[in-house]
Amino acid sequence: MVVVTLQRHKCIGCNYCVELASGQFQMSKKDGKSVLLHAQEKKGFFTVKSNNELIFDDCENAAKACPVNIISVKRV
C-alpha cells in the first residue's frame, strides 16, 4: 500500500507535483494550490491510501521536486 500526504496550506503553487504525478495531483482553480485527488483531510493534512503500487514512483518524484517539502510518500 502507498500512502501519500500533502500539507496543502503550505503549498506555493509551483505545479511540479502535477507535472510529475498528474494522476494524483491537480491545481485548484480557486486558489492556485495543489489538490491531492481523492484525499481525506485531517488537521490540515490531506492523505490518500492506495493499493496501486504504480503511483509510488511518480509521487516520490513529485515529493522530491517540491520546493517546500510538503509531500510525503511511503509504502506500508
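See the structure printed just above.
Owing to the predicted nature of the structure, the values given are computational and were not obtained by experimental measurement.

A.B. asks: Sorry if this is basic, but what is going on with the sheet that holds strand β1 (residues 2-6) here?
C.D. replies: Sheet strands pair via backbone hydrogen bonds, and the direction of the pair is either parallel or antiparallel. Ordered by their spatial adjacency, four strands build an open sheet running β4-β5-β1-β6, and the pairing between neighbours is antiparallel. The open sheet terminates on both sides in strands that have one partner only, identified here as β4 (40-42) and β6 (71-75). Each adjacent strand pair in this sheet contributes to an overall mean axis angle of 25°, direction not counted. Sheet topology note: the β1/β6 ladder contains five bridges and is antiparallel. Note that in β6 the partner of V2 across the bridge is R75.

Rules used throughout
- Residues numbered from 1 in each chain as written.
- Predicted model: local features only at pLDDT ≥ 70, side-chain atom pairs only at ≥ 80, totals over all residues.
- Heavy atoms only, no water.
- Pairing = 2+ DSSP bridges.
- Helix = DSSP H or I, 4+ residues; strand = E, 2+ residues; numbered from the N terminus.
- Axes fitted to C-alpha atoms, helices over the stretch in contact; angles between N-to-C directions.

Without other data, these values stay purely geometric and don't point to any function.
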